[in-house]
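Summary of the model geometry
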Amino acid sequence: MQIARVIGSVVSTSKSDRLTGLKLLVVRNIDLDTMEEKGSPIVAIDAVGAGEGEVVMLCAGSSSRMTETTKDKPADCTITAIIDYIDIDHKRVFDKHQEGGER
């Protein structure tokens with residue numbers, strides 16, 4: 001699993017029938033040491049109702065098709081959780097409810 005931030009959305013009127021009704025979001029991975037975004041953006045299917053700016057957990061590969069939303073869908077990346085907070089080595093490195101989210 002990976003941690004990422006939602007940075008946008010994708011709208012596609014012409015697509016596989018199996019993608020109809022699914023929310024597609026653009027995410028960028030987060031480096032947990034710095035809490036900075038890193039790497040290229042990717043598209044993920046939203047299985048939990050995430051929104052822009054939220055920090056989320058992703059599953060990729062065959063695991064991405066193990067949610068009720070993505071079962072038997074052509075998915076390679078799925079948002080499986082919205083992160084409330086992250087603690088590393090007994091230190092809170094991210095808190096959704098603090099001003100700006102990060103501490």
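Placed above this text is the structure.
Now for a look at the structure at hand. (Residues numbered from 1 in each chain as written. Predicted model: local features only at pLDDT ≥ 70, side-chain atom pairs only at ≥ 80, totals over all residues. Heavy atoms only, no water.)

1. Details of the packing of aromatic side chains
Considering all chains together, one arrives at 0 aromatic pairs under this definition. For the cation-ring pair, Arg92 lies above Tyr85, with the distance from its terminal atom to the ring centre recorded as 3.6 Å. (Phe/Tyr/Trp six-rings, centres within 6.5 Å; stacked < 30°, edge-to-face > 60°. Lys NZ or Arg CZ within 6 Å of the ring centre and 35° of its normal.)

2. Some points on the pattern of salt bridges
A side chain with one charge can pair with a side chain of the opposite charge if their charged atoms come near. Enumeration over the complete set of coordinates arrives at 6 salt bridges. In this structure, the salt-bridge partner of Arg5 is Glu37, at a minimum N-O distance of 3.3 Å. In this pair, Arg5 is assigned in strand S1 (residues 2–10) and Glu37 in strand S3 (residues 36–37), connecting sequence segments 32 residues apart. As a salt-bridge pair, Asp95 and Arg92 come within 3.7 Å of each other at their nearest N and O atoms. A cluster of three or more residues bridged by salt bridges with shared partners is formed by Arg5, Arg28 and Glu37. (Salt bridge = Lys/Arg side-chain N within 4 Å of Asp/Glu carboxyl O. Helix = DSSP H or I, 4+ residues; strand = E, 2+ residues; numbered from the N terminus.)

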